[in-house]
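Observations on the model geometry
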Amino acid sequence: FAVALLAPTPALAAKWLRADTHNFVIYSSGGRQELTSFATKVEQFDATLRLLFKVDPDPHPERLTIYMLRSSDSVADLIGDKSGMVAGFYRPSKYGSFAVANRDDSYSRYDLNGDTVLLHEYAHHFMFHHFAYAYPAWYVEGFAEFVATAEFARNGDFSLGRAPLFRVYGLFAAEQLPIETLLFNGIDKLAPLQRETYYGESWLLVHMLGKDPARKGQLDVYLRAIAQGKPEREAATAAFGDLAAL
């Protein structure tokens, strides 16, 4: 892919770089090496998701535009968020979808960094474009959390499934959400700390349903029921059984 330097305009305090790849157009106010790393990783991520979900490469894709802002605070300022919980977002549109992420680095393994935010937001784009149905919010977020932990080796190998340690607080220190709140209430009406728990519990449920032998196949049954138009509660009970036990 090519990385081209954009000329600054009077409204911008810094120069912006643009990376053009097969699937993406990425703008960043950071450095060239950092942008190259972001672009490489998100292309690797796209290839990984296509391999896992048997989606053929698109020879002429409608490229996703991604804006990499300086920090998660910059993202929050952009959309007027006061909660401190927004580190990136994705906006689908028939006129051209785009994602906004950030360039934050990790100071410990418990920090949410810009790379993970970028992969999380692209996971939404991939789901909305290549999955046949609209799914409940917990699965949309849990899926994105699960795959966004992808790690890539120099030889092309990848791994998925590690714990998102940046969700430790929401899973272990904050008040837990009842399973019915997680499954049926969505995220929009939750308080900021509850949202943190929501992301962690959504990841945990996707991980458990995919890895626990005792629950093998339940997630597929649930998603098929949702795709057939069954009410969410009916689909969950039919697939998972006793929700209190879940």
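In short, a report on the structure. (Residues numbered from 1 in each chain as written. Predicted model: local features only at pLDDT ≥ 70, side-chain atom pairs only at ≥ 80, totals over all residues. Heavy atoms only, no water.)

**Here we look at the pattern of salt bridges**
Note the following rule: The salt bridge definition used is simple: a Lys or Arg side-chain nitrogen within 4 Å of an Asp or Glu carboxyl oxygen. Secondary structure elements are taken from DSSP: a helix is a run of H or I of four residues or more, a strand is a run of E of two residues or more, and numbering for both begins at the N terminus. Using a 1.4 Å probe on the protein chains alone, a residue whose accessible area is under 20% of its type maximum counts as buried, one over 50% counts as exposed, and one in between counts as partly exposed.
Counted according to the given criterion, the structure contains 9 salt bridges. Here D115 ties to K41 by a salt bridge, and the two come within 2.8 Å at their closest N and O atoms. Separated by 74 residues along the polypeptide, D115 in helix 3 (residues 114-130) and K41 in helix 1 (residues 32-52) bring together distant segments of the chain. By relative accessible area, K41 is classed as partly exposed at 24%. Between R167 and E196 there is a salt bridge, with the nearest N and O atoms lying 3.0 Å from each other.

**What about the layout of surface pockets?**
Put simply, the rule is: Points on a 1 Å grid over protein atoms alone make up a cavity when a 1.4 Å probe fits among them but cannot get out, and a pocket when they form an open set with protein on both sides within 12 Å along at least five of seven lines; lining residues each have an atom within 4 Å of a point. Grid points are joined across faces, edges and corners, and a volume is the space filled by probe spheres set on the points. Residues are grouped as follows: Ala, Val, Leu, Ile, Met, Phe, Trp, Tyr, Cys and Pro are nonpolar; Asp, Glu, Lys and Arg are charged; every other residue, Gly included, is polar.
What the largest pocket holds in volume is close to 980 Å³. Contributing to the lining of the largest pocket are 35 residues, with M85, V86, A87, G88 and Y199 lying nearest its centre. Within the residue set of the lining of the largest pocket, elements represented by two or more residues are helix 2 (72-79), strand 5 (89-91), helix 3, helix 4 (137-147) and helix 7 (192-211). The element that contributes the greatest number of residues to the lining of the largest pocket is helix 3, accounting for 6 residues. Considering only residue class, the lining of the largest pocket consists of 18 nonpolar, 7 polar and 10 charged. Its boundaries defined by the atoms lining it, the second largest pocket holds a volume of some 560 Å³. F53, Y139, G210, L219 and D220 are the residues nearest the centre of the second largest pocket, which is lined by 24 residues in total. Only helix 4, helix 7 and helix 8 (218-227) provide two or more residues apiece to the lining of the second largest pocket.

**Details of the side chain of R215**
Operational definition: Positive charge is attributed to Lys and Arg, negative charge to Asp and Glu, and no charge count is given to His or to the chain ends. Here, two residues are considered to be in contact whenever any of their heavy atoms come within 4.5 Å of each other.
Summarising the element assignment, R215 is placed in the loop between helix 7 and helix 8. The buried charged residue R215 lacks any salt bridge, with D212 as its nearest oppositely charged partner at 4.7 Å. Filtering out sequence-adjacent residues up to four positions away, R215 remains in contact with M208, L209, F240, A245 and L246.

**Thoughts on the nonpolar core**
To keep things clear, this is the line we draw: In this text, buried Ala, Val, Leu, Ile, Met, Phe, Trp, Tyr and Cys residues form a nonpolar core when linked through side-chain atoms within 4.5 Å.
In terms of nonpolar packing, the biggest core is built from 59 residues, with I26, I66, W138, Y139, Y222 and F240 touching the most fellow members. With sequence-adjacent residues up to four places away left out, Y139 is seen in contact with M127, V206, L219 and L223. Judged by nonpolar contacts, the second largest core, of 8 residues, contains W16, L69, F89 and V100.

**Things to note about a nonpolar patch on the surface**
As a reminder, the rule being used: Any residue with relative accessible area above 30% and no salt bridge may belong to a patch, with like charges joined within 9 Å and the nonpolar Val, Leu, Ile, Met, Phe, Trp and Tyr side chains within 5 Å. Shrake-Rupley sampling with a 1.4 Å probe provides the accessible areas, and residues are treated as covered by the protein chains on show and by no other component.
Taken together, the side chains of L51, L52, F53 and F158 present a nonpolar region at the surface, about 350 Å² in accessible area. By the secondary structure assignment, L52 is in helix 1.

**Brief notes about unusual backbone geometry**
Unlike most non-glycine residues, K54 shows phi in positive territory, near 55 degrees. Looking at the secondary structure, you find K54 in the loop between helix 1 and strand 4 (64-69). Given the relative accessible area of 74%, K54 is considered exposed.

**What about the packing of aromatic side chains?**
Condition: Pairing of aromatic rings covers Phe, Tyr and Trp, the last through its six-membered ring, and needs centres within 6.5 Å; plane angles under 30 degrees mean stacked, over 60 mean edge-to-face, and all others mean tilted.
All told, the structure shown has 17 aromatic pairs when counted by the stated rule. Between F45 and Y122, the aromatic rings sit 6.2 Å apart at their centres with planes inclined by 65 degrees, giving edge-to-face as the arrangement. Here F45, found in helix 1, pairs with Y122, found in helix 3; they are 77 residues apart in sequence, far enough to count as distant. Feature note: the residues F24, F45, F53, Y122, F126, F131, Y135, W138, Y139, F143, Y222 and F240 constitute an aromatic cluster, connected by ring pairs.

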